[in-house]
Every structure is written in C-alpha cells, then in structure tokens.
Amino acid sequence: DKAAAFLFYFAAVAGVLTFAVWSLLGNVDEAVVRTVTVLVIACPHALGLAIPLVIAGTISVDTLHLPTGVYSSVPGGSALFAAAGAAFIRPCTVVGTIGDDLPRQALASVLGRNVDLGGLRWVSGKTFRWTAQYSADLATRETLAREQGVGATPLEVVEGLGDGPTWAFLGSMDPRAQRDVVEKLGSGVRFGLDTMGHWIREHPAELLALVKDAETVLVSEDEVQLLAQRDDSRTAALCLLERGGPR
C-alpha cells in the first residue's frame, strides 16, 4: 500500500511536469496527449494496488478421494483457495473461522507471504470438515460427508477493514453469511462472489439478491442454469443480467 501510494503521487507529479514541459515547447496538443498517457497508465495501477483486498469464505480440513488415492487432513476451503490464487497478484487479508485442530503454521505454509492471516479467528472446536469423491477425470465430485463444526459461527471482520474503499471476494459459502460480510465491510465495499449448487438449491432467493449487488459472479454452466432456472447457459446468463445483476 505504501509503494502504491508513492506510485500515485509520483505519477501525478510526472503528469504535471509532462504537461508543463510540452506546453513550454509550444505543443499544447502533444502536452495533453502525453499527460493523459502518463495518468491513464500509471494511476489505475496505483489506485488498484492501494485498495485493500479482503477474501472471506470457508476454511476446511478435507478428505479427498481422488483417482491417485485418498488424501486426508488436507487444508482447503473457498477462502483458502481464493487467497492462494490472489497472492500471486497482490497482498490480501483472509476472513474466516477455524477450529483449534488446524494450526496456524499449516495455513501459512499453504498461503505464503502475501496473505495476511490477521482476519482469521481461531475458536474452540473442530474446523469445518468436508469429504468428497472425485470422478476419474476430476470434472465432477460427490460430497460424502460434511461436518459443519465451527464453520457455523458467524464471520467476524477485523476492526479497520472496510474503513474506506475496499475490494472483497466472497468464496462459496452460505449466501446469508456472504451478505453479513458485505454489510460488516460497509458501504465502500465492491465485491465479487463464488457459489455452488448446494447453496443455489438451499437459499436461491438470498443468493439472487446478493448477485444483484455484486460486480462479478463465478459460476459454472450447470450452476448458472440452476440459479436462473433455464436449460441453456447463455439464456441463463442473460436472464440474470436482465434481472439486474451482476453489475
């Protein structure tokens, strides 16, 4: 954030100097073009990096039945995977609830240095556990068991997050919990979300209301058809857009 702030002011000063120099040389049209070039290229990058990214979702302990074998006690969950991906691009803060059976070091080793674990809350009890059987081509999966554990606990947003413009990504979880995170982050948040068939079937009304406020929604073809109650994915996507969301 400090580097992004420096880049912003540097770009602004460079833009002013660019305009002044080219104006003094008597070429006002060229001054405008080059100044706009400096600001358009540099400033959005600076502003984008300076806005905090919050990732909320589930943190789980998974047992995966894969074609290559059975893997137990694997750290997983929508928040973990989203944060691990985002960390390749920029720093982020994870919000989630974890039981005392999943040590902090296990998460740190998966997420790496660009992920702030300060938004996680360790509570007494078992971490949400998920067991699934994957198909031979890994294209589909079947949930064999789900133990909610401390995953039923409402997510808490660390004080200070949401004080000003904030980007958020809501990993797949109960749409009511997703809405709760958005409200806790405040009016300055702009967010995208992920979901899955389970939540579409369980809470369609809550999810559709959330979709209307989202900037981006990540769903598969099967999921968008289920959400819009249409047999064709393109028609389903257009149907959702016509209903007012995502933005």
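Residues numbered from 1 in each chain as written. Predicted model: local features only at pLDDT ≥ 70, side-chain atom pairs only at ≥ 80, totals over all residues. Heavy atoms only, no water.

1. Points about the layout of surface pockets
Right, so step 1: Of the volumes computed, that of the largest pocket is approximately 1200 Å³.
Right, so step 2: In terms of lining, the largest pocket is formed by 44 residues, of which the most central are R141, R146, S172, M196 and W199.
Right, so step 3: Secondary structure elements with two or more residues in the lining of the largest pocket: strand 2 (60-66), helix 3 (78-86), strand 4 (92-99), strand 7 (128-134), strand 8 (141-147), helix 5 (175-185), helix 6 (197-202) and helix 8 (221-228).
Right, so step 4: When the residues that make up the lining of the largest pocket are grouped by side-chain class, the tally is 18 nonpolar, 17 polar and nine charged. (1 Å grid on protein atoms, 1.4 Å probe; cavity = no way out; pocket = protein on both sides within 12 Å on 5 of 7 lines; lining within 4 Å. Points joined across faces, edges and corners; volume = space filled by probe spheres on them. Helix = DSSP H or I, 4+ residues; strand = E, 2+ residues; numbered from the N terminus. Nonpolar A, V, L, I, M, F, W, Y, C, P; charged D, E, K, R; others polar.)

2. Quick notes on a nonpolar patch on the surface
Right, so step 1: A surface patch of nonpolar side chains, amounting to about 310 Å² of accessible area, comprises F19, V28, V32 and V36.
Right, so step 2: Per element, the largest residue contribution to the nonpolar patch is three residues, and it comes from helix 2 (residues 28-50).
Right, so step 3: Along the chain, F19 turns up in helix 1 (residues 2-24). (Patch = residues over 30% accessible without salt bridge, like charges linked within 9 Å, V, L, I, M, F, W, Y side chains within 5 Å. Areas by Shrake-Rupley, 256 points an atom, 1.4 Å probe, with all protein chains shown as cover. Salt bridge = Lys/Arg side-chain N within 4 Å of Asp/Glu carboxyl O.)

3. Things to note about the sheet that holds strand 8
Two pairing modes exist for strands in a sheet, parallel and antiparallel, and in both the strands are linked by backbone hydrogen bonds.
Right, so step 1: Pairing is mixed in the open sheet, where four strands are placed in the order 3-2-7-8. Whereas interior strands pair on both sides, the edge strands pair on one side only; in this sheet they are strand 3 (69-76) and strand 8. Between one strand axis and the next, the sheet turns by 20° as a mean value, whatever way the strands run. (Pairing = 2+ DSSP bridges. Axes fitted to C-alpha atoms, helices over the stretch in contact; angles between N-to-C directions.)

4. Digging into the pairing of strand 8
Right, so step 1: As paired strands, strand 7 and strand 8 are joined by six bridges and run antiparallel to one another. Of the residues in strand 8, the one forming a bridge with R129 is E147.
Right, so step 2: Turn length for the strand 7-strand 8 hairpin, with the two strands adjacent in sequence and antiparallel, is six residues, and the turn residue L138 shows positive phi of about 65°.

5. Some words on the packing of helix 8 against helix 9 (residues 233-242)
When two helices pack together, their arrangement is captured by the angle between the axes and the distance separating the axes.
Right, so step 1: Following both chains from N to C, one finds helix 8 and helix 9 inclined at 50°, their axes separated by 8 Å at the closest point. Classified by the angle their axes make, helix 8 and helix 9 are oblique. Classified by chirality, the crossing of helix 9 by helix 8 is left-handed. The residues of helix 9 that touch helix 8, namely those facing E221, V224, Q225, L227 and A228, are S233, A236, A237, C239 and L240. (Parallel < 35°, antiparallel > 145°, perpendicular 65-115°, else oblique. Left-handed = near helix turned anticlockwise from the far one by under 90°. Contact = heavy atoms within 4.5 Å.)

6. Thoughts on a negative patch on the surface
Right, so step 1: A surface patch of negative charge is lined by E221, D222, D231 and D232.
Right, so step 2: Note on placement: D232 falls in the loop between helix 8 and helix 9.
Right, so step 3: What makes D232 partly exposed here is its relative accessible area of 37%. (Lys, Arg positive; Asp, Glu negative; His and termini not counted. Charge placed at Lys NZ, Arg CZ, Asp CG, Glu CD. Buried < 20%, exposed > 50% of the residue type's maximum accessible area, 1.4 Å probe, protein only.)

7. Overview of the pattern of salt bridges
Right, so step 1: For the coordinates displayed, the defined rule picks out six salt bridges.
Right, so step 2: Note that D174 is salt-bridged to R176, the shortest N-O span being 2.8 Å.
Right, so step 3: R176 sits in the partly exposed class, given a relative accessible area of 46%.
Right, so step 4: One salt bridge connects D180 with K184, and the closest N-O pair in it is separated by 2.9 Å. You can see D180 and its partner K184 sitting in helix 5, four residues apart, about one turn around the helix.
Right, so step 5: D180 sits in the partly exposed class, given a relative accessible area of 24%.
Right, so step 6: We classify K184 as partly exposed; its relative accessible area is 37%.

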